[in-house]
Amino acid sequence: IYRIPRPQGYRVSWHANPAVEGHHFGQSHPMKPWRLTLTKQLVMAYGMHNAMDLYLARAATYEEMAEFHETDYLDFLRQVMPGDIERAEQSDKVVRFNFGDDCPIFDGLYNYCSLYAGGTVDAARKLCNDQSEIAINWSGGLHHAKKAEASGFCYVNDIVLGVLQLLRHHPRVMYIDIDVHHGDGVEQAFWSTDRVLTVSFHKYDKDNFFPGTGASDDTGPTHPLNPGAHHSINVPLNDGIDDNSYISLYEEVIGACVNTYRPGAIVLQCGADSLGCDRLGCFNLNVSAHGACVAFTKKFNLPLLVVGGGGYTPRNVSRAWAHETSILVDADKIIDPQIPQSVAFRNHFGPDYSLFPSLSLIRQIENKNSRPYLEGLVEAVHEQLRYIKG
Ligand code: TV1
Ligand code: CA
Ligand code: ZN
């Protein structure tokens, strides 16, 4: 009964490798690659796979990852084994490359990293070759990884690798990040070029929320000879932002950025830890509001690379990413908000069995973002955009 037609006038490609889903960060670690299985099951139960070109992501090669990462870091990533964190002869590199509780060394780590990175590189290449207009890799979006350092559950920065591919064909690429955390790795990778404009919305609290960067005035090094000065836009938020404030903020900021910068392609990181009820997050967004950002971004009709990111309450991550897939294939108006009877692991979606449970009713966090505060953020972005030309 569920069979979604292909969207009219454009192609959507889906890049995934089921081998990613089987990796485990460890018992109590919040990052659960299994959320990707749940997402795929929902997408398939709705028949959305019929509306896209499906590609099995290949592993990114060492050389592809070395376009951003340092080889001594990749060499370490390739040869480490579980237990090395405790092994004395590895301890200097474990410290230098920042492995530990957030970024553990688990079975198949290099395989995991190269597969999610391969998905994003493949997706970017499909867009460049005009073989796809919207390319999706929900296993990517690992925005904290640095050139020679793991950080915040991220080891290889697939987003940077994807942007580098897009820069081969497009003079200007815009990066948007709606994960609840600051997209520091991507910002830093491109902060000395004017060919990438990065925009991150995130919870900001210098001392108490990871990674502690991304204040409003963090706009990239403003040295007069740095062409990348002013090309990092940050939208720091407080706890509890609600649907309406977030959507209007997103539309004002992104609308102004696209109109000023005129990018040739957009990369959208859809971290689902900005949803209400997230295990690590502190916003009050519902699945519909998270999706409204995706819908707004799609309306620019630019080549669009969509990646995942954070998201630590798997049932809601899969709801959001399935809903966003339906927006991207233009099926959001035709699918039933009641989750199909046929979906695997259906018990995870109770008691409501809806794609849109009221997350803000389950756990309401006080909204600490006043109207004047939000108006100030929009004003700061307009000020900053005066330095930027498309
Ligand atoms: C093991 C077991 C690791 C339980 C980590 C939450 C855990 C966290 C764990 C955790 C946790 C963070 C920090 C402290 C840095 C540390 C994918 C020294 C219950 C993109 C990464 C957040 C977010 C890192 C990644 C953060 C992403 N929060 N339980 N760790 N300092 N790290 O604060 O942006 O979503 O929490
Ligand atoms: Ca963000
Ligand atoms: Zn996050």
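Residues numbered from 1 in each chain as written. Chains lettered and ligands numbered in written order. Predicted model: local features only at pLDDT ≥ 70, side-chain atom pairs only at ≥ 80, totals over all residues. Heavy atoms only, no water.

1. Description of the overall build of the protein chain
Within the protein chain, the regular secondary structure consists of 12 helices and 8 strands. A compact globule built from 390 residues should have a C-alpha radius of gyration of about 21 Å, and the protein chain, at 20 Å, falls within 12% of that. Across its three principal axes, the protein chain shows a C-alpha extent of roughly 55 × 50 × 45 Å. Counting the 390 residues in the protein chain, one finds 59% classified as buried. Excluding contacts between residues fewer than 6 apart, the proportion of contacts in the protein chain whose partners are at least 24 apart in sequence is 79%. Accessible surface computed for the protein chain: about 15400 Å², of which carbon and sulfur atoms make up 50%. A distance of 5 Å separates the average location of the 33 positive side-chain charges in the protein chain from that of its 45 negative side-chain charges. (Helix = DSSP H or I, 4+ residues; strand = E, 2+ residues; numbered from the N terminus. Rg over C-alpha atoms; globule rule 2.2 N^0.38 Å. Buried < 20%, exposed > 50% of the residue type's maximum accessible area, 1.4 Å probe, protein only. Contact = heavy atoms within 4.5 Å. Areas by Shrake-Rupley, 256 points an atom, 1.4 Å probe, with all protein chains shown as cover. Lys, Arg positive; Asp, Glu negative; His and termini not counted. Charge placed at Lys NZ, Arg CZ, Asp CG, Glu CD.)

2. Focus on the confidence of the model for the protein chain
Mean pLDDT for the protein chain: 97, with 100% of residues reaching 70 or above. With a pTM of 0.99, the predicted complex shows an ipTM of 0.99. (pLDDT = per-residue confidence, 0-100.)

3. Describing helix α5 (residues 109-128)
For α5, spanning 20 residues, the distance from its first C-alpha to its last is 29 Å, which sits close to the expected 28 Å at 1.5 Å a residue. With respect to burial, α5 is a largely interior element, 18 of its 20 residues being buried. (Expected span 1.5 Å × (residues − 1).)

4. Some words on unusual backbone geometry
With an omega of -5°, the peptide bond between F210 and P211 qualifies as cis. Following the sequence through the fold, P211 ends up in the loop between β5 (196-203) and β6 (232-237). Located in the positive-phi region is C277, a residue other than glycine, with phi close to 70°. Tracing the sequence through the fold places C277 in the loop between β7 (265-269) and α9 (287-298). Residue class for C277 comes out buried when judged on its relative accessible area of 13%. The residue N301 is not glycine, and still its phi comes out positive at about 55°.

5. A closer look at the coordination of the zinc ion (ligand 3)
Surrounding the zinc ion (ligand 3) are the protein donor atoms D179 (OD), H181 (ND1) and D273 (OD), which sit 1.9 to 2.0 Å from the metal. In the primary structure, the donors to the zinc ion (ligand 3) are separated according to the pattern D-x1-H-x91-D. Here H181 is found in the loop between β4 (173-177) and α7 (184-189), whereas its partner D273 is found in the loop between β7 and α9, with 92 residues between them in sequence. Taken as a pair, H181 and D273 share a single burial class, namely buried. (Donors = N, O, S within 2.8 Å, 3.2 Å for Na, K, Ca; no water.)

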